[in-house]
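Descriptive analysis of the structure
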Amino acid sequence: NAGVMQNPRHLVRRRGQEARLRCSPMKGHSHVYWYRQLPEEGLKFMVYLQKENIIDESGMPKERFSAEFPKEGPSILRIQQVVRGDSAAYFCASSPPGTANYGYTFGSGTRLTVV
Amino acid sequence: GESVGLHLPTLSVQEGDNSIINCAYSNSASDYFIWYKQESGKGPQFIIDIRSNMDKRQGQRVTVLLNKTVKHLSLQIAATQPGDSAVYFCAERGTSGSRLTFGEGTQLTVNP
């Protein structure tokens, strides 16, 4: 079991470009969460997805940010027209299905730098 | 609203001592709590969890205590080692679905 896989590990984008971050959950996990971490700060919730459904996007900025978790393939966090303030570490976590839903495993993150 | 915070931003201990990291939370309806360890450049690593129907849970060298009366969570690390140096976050799961809300973190430094 490879755990939660995120790629790329590091991503550099110029202002105005698009950033695409990928997350493959642990085998058997159908719930995916995206968090953002600014330097020296805690993790801030962005969005919670299940296969083909966005369950909670209350932490996601209304503009430029979108997320998906298709039936096949990894979850994608997309940031359009990036700005310097988007520079951060983006972490994905996954958890198993079911109402109990315990056990959140994090990936190693994607560190986005906007220049 | 939901918020989780920590009492101390930094904690420095001697190798071999016991460490106690504290966390306060504000959502009395939270049903599940987790402690994570994050080393520089890495993702959060699960340490131990506790459900709201418990007040204590022990793991290997770690103990989590939950006091629902004062909405306080603590992580105790026995015989702290240099490899324990990291930032420690508490997280709660509240009533707003299955997301976790994190505190700001405590930087633990273990001196040899």
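Before going into details, it helps to say that this report is about the structure given with it. (Residues numbered from 1 in each chain as written. Chains lettered and ligands numbered in written order. Predicted model: local features only at pLDDT ≥ 70, side-chain atom pairs only at ≥ 80, totals over all residues. Heavy atoms only, no water.)

Looking only at helices and strands, chain B features 0 helices and 11 strands. Listing each helix as α and each strand as β along chain B from the N terminus yields β-β-β-β-β-β-β-β-β-β-β. Taken over C-alpha atoms, the radius of gyration comes to 13 Å for chain B, in line with the 13 Å a tight globule of 112 residues would show. Seen through its C-alpha atoms, chain B measures out along the principal axes to roughly 40 × 30 × 20 Å. The burial tally for chain B puts 45% of its 112 residues in the buried class. When the accessible surface of chain B is totalled, it reaches about 5,300 Å², and 47% of it is carbon and sulfur. The distance from the centre of the 10 positive side-chain charges to the centre of the 10 negative ones in chain B is 6 Å. (Helix = DSSP H or I, 4+ residues; strand = E, 2+ residues; numbered from the N terminus. Rg over C-alpha atoms; globule rule 2.2 N^0.38 Å. Buried < 20%, exposed > 50% of the residue type's maximum accessible area, 1.4 Å probe, protein only. Areas by Shrake-Rupley, 256 points an atom, 1.4 Å probe, with all protein chains shown as cover. Lys, Arg positive; Asp, Glu negative; His and termini not counted. Charge placed at Lys NZ, Arg CZ, Asp CG, Glu CD.)

Once that is clear, we can look at the side chain of Q38(B). Topologically, Q38(B) is positioned in strand β4 (residues 32–38). For Q38(B), the side chain forms a polar contact with the side chain of Q37(A), separated by 3.0 Å. The contacts of Q38(B), once residues within four sequence positions are left out, are Q37(A), L43(A), F91(A), G43(B), P44(B), A86(B), V87(B) and F89(B). (Polar contact = N/O pair within 3.5 Å; in protein donor to acceptor, adjacent residues only side chain to side chain. Contact = heavy atoms within 4.5 Å.)

Sheets are built from strands that pair by backbone hydrogen bonding, the pairs being arranged parallel or antiparallel. All names here are of chain A. Strand order across the open sheet formed by 4 strands is β1-β3-β8-β7, with antiparallel pairing between neighbours. Where the open sheet ends on each side, the last strands, each with one partner, are β1 (5–7) and β7 (65–68). Shown here is a sheet whose adjacent strand axes are inclined to one another by a mean of 15 degrees, direction ignored. By the bridge criterion, 5 bridges tie strand β3 (residues 19–24) to strand β8 (residues 75–79) in an arrangement that is antiparallel. (Pairing = 2+ DSSP bridges. Axes fitted to C-alpha atoms, helices over the stretch in contact; angles between N-to-C directions.)

In this section: the packing of aromatic side chains. Each aromatic ring pair is summarised here by two numbers: the centre-to-centre distance and the angle between the ring planes. All names here are of chain B. Applying the stated criterion across every chain yields a total of 12 aromatic pairs over all chains. Ring centres of Y36 and F46 lie 6.5 Å apart, and the angle between their planes is 85 degrees; this geometry places the pair in the edge-to-face category. Pair noted here: Y36 is in strand β4 and F46 is in strand β5 (residues 45–51), with a separation of 10 residues, a long-range link. The buried category is assigned to Y36, whose relative accessible area is 0%. (Phe/Tyr/Trp six-rings, centres within 6.5 Å; stacked < 30°, edge-to-face > 60°.)

The nonpolar side chains of soluble globular proteins are, as a tendency, buried together. W34(A), M46(A), L77(A) and Y90(A) are the most contacted members of the largest nonpolar core, which totals 23 residues. At the level of secondary structure, the elements contributing two or more residues to this core comprise β3, β4 (31–37), β5 (43–50), β7, β8, β9 (88–95) and β11 (110–114) of chain A. Every residue in contact with Y90(A), bar those within four places of it in the chain, is listed here: Q6(A), L21(A), Y35(A), R36(A), M46(A), F65(A), L77(A), I79(A), G109(A), T110(A) and L112(A). The next biggest cluster of nonpolar side chains, apart from the first, holds 20 residues, and it includes V13(B), V62(B), L73(B) and V110(B). (Core = buried A, V, L, I, M, F, W, Y, C linked by side-chain atoms within 4.5 Å.)

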